[in-house]
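Next come the chains, spelled out residue by residue.
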Amino acid sequence: MAKRKKAKTIGELKASGYQPVPLREEMRRNLIAMIKKKKNIFPGIVGFDDTVIPQIENAIISGQDMIFLGERGQAKSKIMRLLVNLLDAEIPVVKGCEINDNPFAPICKRCRDKLAEEGDAAEIDWLPRHERYGEKLATPDSTIADLIGDVDPIKVAEGRYLSDELTIHYGLIPRTNRGIFCINELPDLMERLQVGLFNLMEESDIQIRGYRVRLPLDIFLVASANPEDYTNRGRIITPLKDRYGAQVRTHYPATIEDEMSIVEMERRQFGGDELESYVPQYMEEIIAEVTHLARKSPDINQRSGVSVRVSIANYETMLSNAIRRAVRLGEKLAVPRISDLPHIRASTSGKIELESFEETREDKVIDDLIKKAVLNVFNRYYKVFKLEEVVVQFSGGFSVEVSATMRAKSYVRNVREMIGLAEVIRAVDDSERPETIASAVEFILEGLHVNKRLNKTTVEGKTVYRR
Ligand SMILES: [Zn+2]
């Protein structure tokens with residue numbers, strides 16, 4: 001569109017030749033244009049290109065309402081918020097309207113009265129796309145008043161009749177008229193509200209305290225639910241379930257690489273640290289591997305799932321422990337090591353649910369996941385039998401001590417003492433910096449331990465590897 005002065009009144013809008021279109025048509029048209037231009041519609045969404053995104057695109061091209069089914073932490077909320085990318089940059093609305101009325105076809109009584117009175121001189125506003133989005137986490141105590149609306153007692157006291165729609169105080173959904181509204185955890189909504197929602201979607205009317213008001217809203221309603229809750233009989237009323245044209249099934253990152261890219265993107269980053277930090281590839285892989293193993297673990301409740309947030313929080317915790325050490329010891333570079341990993345218990349436990357209820361087992365379950373993750377990652381980098389040269393040097397009482405609070409320099413001494421270790425380290429990291437070498441030494445020693453080539457004893461945070 002050529003740059004011209006934006007219309008300020010209905011008259012100017014008419015003169016500009018602007019033609020409003022229904023919401024679904026707008027989204028469909030913009031989606032098709034984006035596909036044509038090969039634009040990324042869901043920036044920052046990783047690993048859904050061949051699975052989830054085609055389903056969403058089909059639903060939008062079909063004009064179908066969508067429900068996202070998936071366990072926690074599968075980027076459902078993020079995707080739903082990104083749907084605003086499919087809206088026009090801005091649309092005209094009747095100025096001051098609570099429900100973003102289309103200037104050419106207002107539905108609320110206030111605007112209809114206003115337009116009848118002011119005609120083409122009535123003022124309009126331009127609503128940007130990010131203001132055309134609303135969301136609500138459904139809870140058993142969500143009310144009709146919150147979502148749909150209520151009768152305004154002040155207006156009733158002014159002498160209006162209850163059936164007069166001017167007495168309505170609009171809820172969240174009507175206020176998102178001509179936009180996208182998301183209801184998270186739909187099955188948690190009371191049945192009465194589900195009926196209200198259905199009437200709104202299907203019959204374009206709302207019922208408040210027994211009064212039926214026709215309100216043909218133009219809304220794209222999206223919902224999310226845990227698959228288990230959704231299929232559970234009685235959690236969702238059948239007509240509402242039938243109303244959703246597309247059930248989009250989300251999933252966890254299929255590969256460790258996808259899991260790591262999401263962590264890289266989503267982790268909290270702080271500026272202004274004087275300290276440098278570096279996370280070796282294998283340490284990041286261990287974090288992602290812990291989560292992938294947790295998603296297959298019979299000890300963990302798989303119905304609620306293991307969110308990508310577990311990986312993100314664990315990565316942050318692991319790095320923080322390395323930063324804490326570096327600051328304490330006055331080292332210039334913070335590099336996480338195996339001995340930092342027990343700290344991820346704190347960031348894992350709140351985000352998973354165990355199948356059993358014994359209190360002491362949680363740490364054990366997490367420790368076992370870490371051990372298995374180290375084993376898997378280590379064996380992707382090394383063939384254990386090729387490390388015999390290192391292992392034999394432990395015969396005859398030789399041992400190596402490590403800990404999360406030990407200086408990087410003391411590890412460098414080990415590397416000098418042991419034949420072949422420097423070369424083994426270079427296979428995972430070619431940095432010569434002591435902090436990086438310390439991390440690699442621990443990775444190799446622990447890798448040999450989980451492969452049953454070395455014994456390990458840990459007392460008060462100090463770990464000794466020996467044969
Ligand atoms: Zn209005």
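Basis of the calculations
Residues numbered from 1 in each chain as written. Predicted model: local features only at pLDDT ≥ 70, side-chain atom pairs only at ≥ 80, totals over all residues. Heavy atoms only, no water. Pairing = 2+ DSSP bridges. Helix = DSSP H or I, 4+ residues; strand = E, 2+ residues; numbered from the N terminus. Patch = residues over 30% accessible without salt bridge, like charges linked within 9 Å, V, L, I, M, F, W, Y side chains within 5 Å. Areas by Shrake-Rupley, 256 points an atom, 1.4 Å probe, with all protein chains shown as cover. Salt bridge = Lys/Arg side-chain N within 4 Å of Asp/Glu carboxyl O. Buried < 20%, exposed > 50% of the residue type's maximum accessible area, 1.4 Å probe, protein only. Donors = N, O, S within 2.8 Å, 3.2 Å for Na, K, Ca; no water. Tetrahedral: all angles 85-135°; square planar, octahedral: opposite > 155°, others 65-115°. Core = buried A, V, L, I, M, F, W, Y, C linked by side-chain atoms within 4.5 Å. Contact = heavy atoms within 4.5 Å. pLDDT = per-residue confidence, 0-100. Axes fitted to C-alpha atoms, helices over the stretch in contact; angles between N-to-C directions. Parallel < 35°, antiparallel > 145°, perpendicular 65-115°, else oblique. Left-handed = near helix turned anticlockwise from the far one by under 90°.

1. Re the pairing of strand S15 (residues 455-459)
Note: S15 against strand S16 (residues 462-466), five bridges, orientation antiparallel. Residue pairing across strands places Val 459 opposite Lys 462, the latter belonging to S16. Where S15 folds back on S16, the antiparallel hairpin that results is connected by two residues, among which Glu 460 adopts a positive phi of roughly 45°.

2. Digging into a nonpolar patch on the surface
Judged by side-chain polarity, Ile 32, Ile 35 and Ile 61 come together as a nonpolar surface patch covering roughly 200 Å² of accessible area. Tracing the sequence through the fold places Ile 61 in helix H3 (residues 52-62). Judged by its relative accessible area of 30%, Ile 61 is partly exposed.

3. A look at the coordination of the zinc ion
Only Cys 97 (SG), Asp 101 (OD), Cys 108 (SG) and Cys 111 (SG) from the protein coordinate the zinc ion, and they sit 2.1 to 2.2 Å from it. Coordination at the zinc ion comes from four donor atoms whose angles at the metal span 98 to 126°, giving a geometry best classed as tetrahedral. The sequence pattern formed by the donor residues of the zinc ion is C-x3-D-x6-C-x2-C. Cys 108 shares its class with Asp 101; the two are buried.

4. Structural notes on the nonpolar core
One finds Ile 286, Leu 341 and Phe 443 to be the most contacted residues of the largest nonpolar core, which totals 61 residues. It is helix H20 (residues 434-450) that provides the largest number of residues to this core, a total of nine residues. With residues up to four places along the chain from it excluded, the contact list for Leu 341 reads Met 283, Ile 286, Ile 287, Met 318, Ile 370 and Val 374. In this structure, Tyr 18, Ile 124, Leu 147 and Ile 206 belong to the second largest nonpolar core, which totals 49 residues.

5. Details of the confidence of the model for the chain
When pLDDT is averaged along the chain, the result is 92; 96% of the residues meet or exceed 70. Least confident of the elements in the chain is helix H7 (residues 153-157), whose mean pLDDT is 69; most confident is helix H13 (residues 281-294), at 98.

6. As for the pattern of salt bridges
On inspection of all chains with the given rule, the structure shows 29 salt bridges. With a closest N to O distance of 2.5 Å, Asp 65 and Arg 243 form a salt bridge. Taken together, the residues span a long stretch of sequence, with Asp 65 in the loop between H3 and strand S1 (66-69) and Arg 243 in helix H11 (residues 238-243) at a distance of 178 residues. With its nearest N and O atoms 3.8 Å apart, the salt bridge here joins Arg 268 to Glu 316. Within this pair, whereas Arg 268 is found in the loop between helix H12 (256-266) and strand S12 (276-277), its partner Glu 316 is found in helix H14 (residues 308-329), the two being separated by 48 residues in sequence. Looking at Arg 268, the relative accessible area reads 58%, which means it is exposed.

7. Comments concerning the sheet that holds strand S11 (residues 246-249)
Ordered in space as S4-S7-S10-S1-S11, the five strands form an open sheet in which the pairing is parallel. Only two strands of the sheet have a single partner each, and these edge strands are strand S4 (133-137) and S11. Within the sheet, the average angular offset between the axes of one strand and its neighbour, ignoring direction, is 20°. Relative to strand S7 (residues 180-184), S4 runs parallel, the two sharing five bridges. Pairing of Lys 136 across the sheet is with Ile 183, part of S7.

8. Overview of the sheet that holds S16
With antiparallel pairing, the three strands of this open sheet are ordered in space as S14-S16-S15. With partners counted over all chains shown, the strands left at the sheet margins are strand S14 (399-403) and S15, one partner each. Across this sheet, the average inter-strand angle for adjacent strands is 20°, counted without regard to direction.

9. Regarding the packing of helix H16 (residues 361-381) against H20
Here H16 crosses H20 at 105°, and the two axes come no closer than 9 Å. Comparing the axis directions of H16 and H20 gives the class roughly perpendicular. Where H16 approaches H20, its residues Lys 371, Val 374, Leu 375, Val 377, Phe 378 and Tyr 381 are matched on the opposing element by Phe 443, Ile 444, Glu 446, Gly 447, Leu 448, His 449 and Val 450.

10. A few points about the packing of H12 against H14
In contact at an axis separation of 9 Å, H12 and H14 are set at 60° when each is read in the N-to-C sense. On the basis of their axis angle, the class for H12 and H14 is oblique. The element H12 and its partner H14 pack so that their crossing is right-handed. Between H12, through Glu 259, Ile 262, Val 263, Glu 264 and Glu 266, and H14, the contact on the second element is made entirely by Val 308, Ser 311, Ile 312 and Tyr 315.

11. Quick word on unusual backbone geometry
Located in the positive-phi region is Lys 452, a residue other than glycine, with phi close to 65°. Relative to the assigned elements, Lys 452 resides in the loop between H20 and S15. Of note, Glu 460 is a non-glycine position whose phi angle comes to about 45°, a positive value. Along the polypeptide, Glu 460 turns up in the loop between S15 and S16.

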